[in-house]
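# Structural overview
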Amino acid sequence: MPTSPGTDAHADPHVAAPRVAAGMAWHRAHHLAGTLPHPLAAERVPLDRAHGRTLAEPATSAALLPGTDTAAMDGYAISGRAPWRVIGRILAGQPATVTLTAGTAVEIATGAPVPAGADAVIPVERCHVDGDTVSPSETGPARTHIRYAGEDLRPGRLLAPAGTRVTAALTGLAAHAGLDELVVRRSPRVWLTATGDEIIGAGVPAAGQVRDALTPLLTALLTGTGATPAGAAHVPDRAELLAAALAGPDWDVMAVTGSSSVGRADHLHRVLTRAGARWHVDGVACRPGHPQALAELPGGRWVVGLPGNPYAALVGAVTLLRPLLDAVQGRAPREPLRLPVTGKVEPYDDGTRLVPVHVTGGRATVVPGSRPASLLSAATADALAVIPSGWAQGDAAELLPMQ
Ligand SMILES: Nc1nc2c(c(=O)[nH]1)N[C@H]1C(S)=C(S)[C@@H](COP(=O)(O)OP(=O)(O)OC[C@H]3O[C@@H](n4cnc5c(N)ncnc54)[C@H](O)[C@@H]3O)O[C@H]1N2
Ligand code: MOO
């Protein structure tokens, strides 16, 4: 539950310390972000724009597949007992105009329609051909090598249920099944606001400057969920500038970095509270990434507050932002992978620690040296392991994949 919803606790940031000391249990915060938001509206899009989006309605086949009995091998469609007299040839795309009677065959290509009267297709490498007569050169398994009409799909057959992310394979299947469009959730437009007087957007920072690591990190992470970057801004540490950014149009979700703690320059809480935000998460009992927040503005827009320390921000992004973006796209929370974890970890007695891990051979190994302000260890990690307070060496832990 919110710990500081619109109270005076944020009037002076330096009296807000209790919020920082406690914090919601990591699993609860993660669960809320993935289940509270309503999905965005549905829209019908052409197949070439559907990849990565999420089905708002079940996708069902429009086609019978195959549309007719079809040869599964290059060879001869035969009728009755051998030998067979070859009376024609059918290639893919041509109609099967002949009817086979016992003792006859047609040369046939994979994908061509099998003529009426055919019992089987014999692969060419199992045939002996002598002039216009064909006979089996060897006995193979008793298979007809015919794909029967409708054996793959029939009109109305479910291809994938609502809530499915459209993969490359589903895009291909939808096309194969005769669909030109899919009904998907609108892609959330995500605005990124990086706060901090010290932040610069390009080049090598001078003394006192810090290169913005988080706008590129979050852009990559959000596009990976199917969300759309709506824009990004560097906002100096002034409450009115942050308020103006929040008032901007054309976004569904905003991630604000570097304004989440209790310093004099950390304005996010006061600005959001003044804007009438409802706090769902306000501090999470995890290390790093404790000062993260999830708030809902009137009208249903969502704001995720992330710490400025880059690894802590990554932790917050996979804890709150990624599940939120899944949820607004109508996807159920991801099923966590659990694997045994080994390596140097100092469990956090009062909550959860998140550590970068490499995953190989069914085990996760801690990437050493992770620190809240550095992405160096996380950069090559496959996942973040969610380490509970009572964790012991080799215990299984949930893994949050980096992809
Ligand atoms: N008195 C307390 N101070 C702090 C606490 C606390 O509980 N009590 N928590 C600490 C923790 S934990 C974190 S994390 C940080 C979070 O602070 P903010 O989210 O307000 O972020 P800043 O103070 O602005 O910046 C922290 C750090 O990160 C650098 N930064 C900021 N933005 C970026 C960016 N886009 N790319 C790269 N680096 C960035 C910034 O320069 C600072 O070095 O608060 C602690 N303090
Ligand atoms: O979120 Mo902070 O130190 O835990 O980086």
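Keep in mind that what you see is a predicted model, and the values were worked out from it rather than measured.

## Focus on the overall build of the protein chain
Helix and strand content of the protein chain: seven helices and 26 strands. On C-alpha atoms alone, the protein chain measures out to a radius of gyration of 30 Å, which is more than a quarter above the 22 Å that the 2.2 N^0.38 rule sets for 403 residues. Principal axes of the C-alpha set define a box for the protein chain whose edges measure 95 × 45 × 40 Å. Counting the 403 residues in the protein chain, one finds 42% classified as buried. Excluding contacts between residues fewer than 6 apart, the proportion of contacts in the protein chain whose partners are at least 24 apart in sequence is 68%.

## Looking at the domain arrangement of the protein chain
The domain architecture assigned to the protein chain consists of domain 1 (8–40 + 187–328), domain 2 (43–64 + 152–185), domain 3 (70–147) and domain 4 (337–401). Using C-alpha coordinates to define each centre, domain 1 is positioned 34 Å away from domain 2. Contact with domain 1, which involves four residues of that partner, is made by five residues of domain 2.

## A closer look at the nonpolar core
Considering soluble globular proteins, one finds that nonpolar side chains tend to be buried as a cluster. With 70 residues, the main nonpolar core has Val 253, Ala 255, Val 304, Leu 324, Val 357, Leu 384 and Ala 385 as its most contacted residues. Considering every element that reaches this core, the biggest residue donor is helix H7 (residues 310–328), with twelve residues. When we break this core down by domain, the ones giving at least three residues each are domain 1 (8–40 + 187–328) and domain 4 (337–401). Other than its neighbours up to four places away in sequence, Val 253 contacts Pro 188, Val 190, Trp 302, Val 304, Leu 324, Leu 325 and Val 328.

## What about unusual backbone geometry?
Here the residue pair Leu 65 and Pro 66 is connected by a cis peptide bond, since its omega of -10° sits within 30 degrees of zero. Structurally, Pro 66 is set in the loop between strand E2 (59–60) and strand E3 (70–71). The amide bond that connects Ala 82 to the next residue, Pro 83, takes the cis arrangement and shows omega of -5°. Inspection of the secondary structure assignment puts Pro 83 in the loop between strand E4 (75–78) and strand E5 (84–90). Its identity is not glycine, yet His 145 carries a phi of approximately 50°, on the positive side. With respect to the helices and strands, His 145 occurs in the loop between strand E9 (133–136) and strand E10 (146–147). Unusually for a residue other than glycine, Asp 250 sits at a positive phi of about 65°.

## Points about the site of ligand 1
Inspection of the region around ligand 1 gives 26 residues, with Leu 214, Gly 258, Ser 261, Pro 307 and Gly 308 positioned closest. By residue class, the composition of the shell around ligand 1 is 13 nonpolar, ten polar and three charged.

## Thoughts on the environment of Pro 401
Tracing the chain through its elements places Pro 401 in strand E26 (residues 396–401). Along the backbone, Pro 401 and Ala 381 are 20 residues apart, and their C-alpha atoms lie at a distance of 8.8 Å. Those residues in contact with Pro 401 that lie beyond four places of it in its chain are Asp 382 and Ala 383.

## Regarding the UniProt feature "domain: MoaB/Mog" (unreviewed entry) in the protein chain
The UniProt record annotates "domain: MoaB/Mog" (unreviewed entry) at residues 191–327. Along residues 191–327, the helical share is 32% and the strand share 29%, with 17 Å between the first and last C-alpha atoms.

## Let's talk about the sheet that holds strand E7 (residues 120–123)
The sheet built from six strands is open, its strands ordered E7-E4-E6-E5-E9-E8 with mixed pairing. Each edge of the open sheet carries a strand with a single partner, namely E7 and strand E8 (127–130). Here the strands of the sheet are splayed against their neighbours by 40° on average, with no regard to which way each runs. Where E4 lies against strand E6 (residues 104–108), four bridges are found, and the strand directions are antiparallel. The partner of Gly 75 across the bridge, within E6, is Ile 108.

## Examining the environment of Met 254
Summarising the element assignment, Met 254 is placed in strand E17 (residues 253–257). Along the chain, Met 254 and Gly 305 lie 51 residues apart, while their C-alpha atoms are 8.4 Å from each other. In contact with Met 254, other than residues within four places in its own chain, are Trp 191, Thr 193, Leu 246 and Val 303.

Rules behind the numbers
Residues numbered from 1 in each chain as written. Chains lettered and ligands numbered in written order. Predicted model: local features only at pLDDT ≥ 70, side-chain atom pairs only at ≥ 80, totals over all residues. Helix = DSSP H or I, 4+ residues; strand = E, 2+ residues; numbered from the N terminus. Rg over C-alpha atoms; globule rule 2.2 N^0.38 Å. Buried ≥ 20, exposed ≤ 12 C-beta atoms within 10 Å, placed from the backbone. Contact = placed C-beta atoms within 7 Å. Domains from an automatic or database assignment. Core = buried A, V, L, I, M, F, W, Y, C linked by C-beta atoms within 7 Å. Near = placed C-beta within 6 Å. Nonpolar A, V, L, I, M, F, W, Y, C, P; charged D, E, K, R; others polar. UniProt positions renumbered as here; feature names shortened; annotations may be inferred. Pairing = 2+ DSSP bridges. Axes fitted to C-alpha atoms, helices over the stretch in contact; angles between N-to-C directions.

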